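Residues per chain, in single letters:
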Amino acid sequence: MPHGNLVILTGAGISAESGVPTFRASDGLWEGHRIEEVATPEGFAANPALVQDFYNRRRRQLATVQPNAAHHALAELAARWEGDFLLVTQNVDDLHDRAHALMPPGPGFELLHMHGELLKAHCTATGGIIDCPGDLEPRHDSPFSSEGWLRPHIVWFGEMPLRMERIEAALAGCDLFVSIGTSGAVYPAAGFVQMASLSGARTLEVNLEPSMGARLFDEGRYGPATEQVPALVDELLAG
């Protein structure tokens, strides 16, 4: 059986084939809104109704899509991989979670949402996290504190991605780092390949087309994630 320490990073490209919109258009707008309006703490403070409605709509849309072949292939890899396997996703959807629920992973596996999760909310006063499958009101009472509100459990611009110490430790000790469906433009995730390379790991990019950081990888494979990821998983499982 395959072993070794594996870190895989996934981005919007792996969920796009399931029908999850990337939201950020070429003009820098998200569904017609400036990023500052819907994806910053300042935007939430200025217009909580707008921000909550933006994520309420994203939450409803998420219920209409399903994991695709790439998500399922990674779930199979997690179930059969004998070494440590950290799957870090920049996506706030739950498609990885749903795929892994159908094929329980091995003991060395961990899934980490570094930019938060759309189906969770957290308290503005305490940071307490709660499941949130439905809509949030503009000023949604928090069960954790009378002084706080519930907001989407999303890492907004200007906020620190989650569990960075855990991610950096895994990158420092990995044998293989794979980046799937990412632009290579957003830090700190864009710097993961360099961290992995410093540890002596083999690095591989899987993307629809070469990313901005493609030259930093040892190898690149290009095409739809639903084709490239299952093929890669077959190779890894074959040893």
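That block above? That's the structure.
Residues numbered from 1 in each chain as written. Predicted model: local features only at pLDDT ≥ 70, side-chain atom pairs only at ≥ 80, totals over all residues. Heavy atoms only, no water.

Participant: I'm lost on the environment of Ala73 in this one. Help?
Facilitator: One can find Ala73 in helix 5 (residues 69–80). Contact partners of Ala73, with chain neighbours within four places excluded, come to Val229, Pro230 and Val233. (Helix = DSSP H or I, 4+ residues; strand = E, 2+ residues; numbered from the N terminus. Contact = heavy atoms within 4.5 Å.)

Participant: Would you take a moment to explain the pairing of strand 1 (residues 6–10) for this structure?
Facilitator: In summary, the side chains of a regular strand alternate between the two faces of the sheet. Strand 1 sits mainly inside the fold: 5 of its 5 residues count as buried. Judged by which residues are buried, strand 1 turns out to be covered on both faces: Leu6, Ile8 and Thr10 on one side and Val7 and Leu9 on the other are all buried. Direction of pairing for strand 1 relative to strand 4 (residues 85–89): parallel, over a ladder of 5 bridges. Across the sheet, residue Leu6 finds its bridge partner in strand 4, namely Phe85. Sheet topology note: the strand 1/strand 10 (residues 176–180) ladder contains 5 bridges and is parallel. Across the sheet, residue Leu9 finds its bridge partner in strand 10, namely Ser179. (Buried < 20%, exposed > 50% of the residue type's maximum accessible area, 1.4 Å probe, protein only. Pairing = 2+ DSSP bridges.)

Participant: What should I look at first to understand the packing of helix 5 against helix 6 (residues 95–102) in this one?
Facilitator: In a pair of packed helices, the angle between the axes and the distance between the axes together describe the arrangement. Packing of helix 5 against helix 6 leaves a shortest axis separation of 8 Å and a crossing angle of 50°. The pairing of helix 5 with helix 6 is recorded here as oblique in orientation. Crossing geometry of helix 5 relative to helix 6 is assigned as right-handed. Within the contact between the two elements, helix 5 uses His71, His72, Leu74, Ala75 and Ala78 and helix 6 uses Leu95, His96, Ala99, His100 and Leu102. Residues belonging to the contact of helix 5 with helix 6 are distributed by class as follows: 6 nonpolar, 4 polar and no charged. (Axes fitted to C-alpha atoms, helices over the stretch in contact; angles between N-to-C directions. Parallel < 35°, antiparallel > 145°, perpendicular 65-115°, else oblique. Left-handed = near helix turned anticlockwise from the far one by under 90°. Nonpolar A, V, L, I, M, F, W, Y, C, P; charged D, E, K, R; others polar.)

Participant: What exactly am I supposed to notice about the sheet that holds strand 4 here?
Facilitator: Taken in spatial order, the 6 strands make up an open sheet running 5-4-1-10-11-12, and their pairing is parallel. Looking at the sheet topology across the chains shown, the edges are occupied by strand 5 (109–113) and strand 12 (219–222). Averaged over neighbouring strand pairs, the angle between their axes works out to 15° when direction is ignored. Of the strand pairs in this sheet, strand 4 and strand 5 are connected by 5 bridges, and their pairing is parallel. Across the sheet, residue Val88 finds its bridge partner in strand 5, namely Leu112. Contacts between helix 6 and the sheet are confined to strand 1, strand 4 and strand 5, with strand 5 contributing the most and set at about 160° to the helix.

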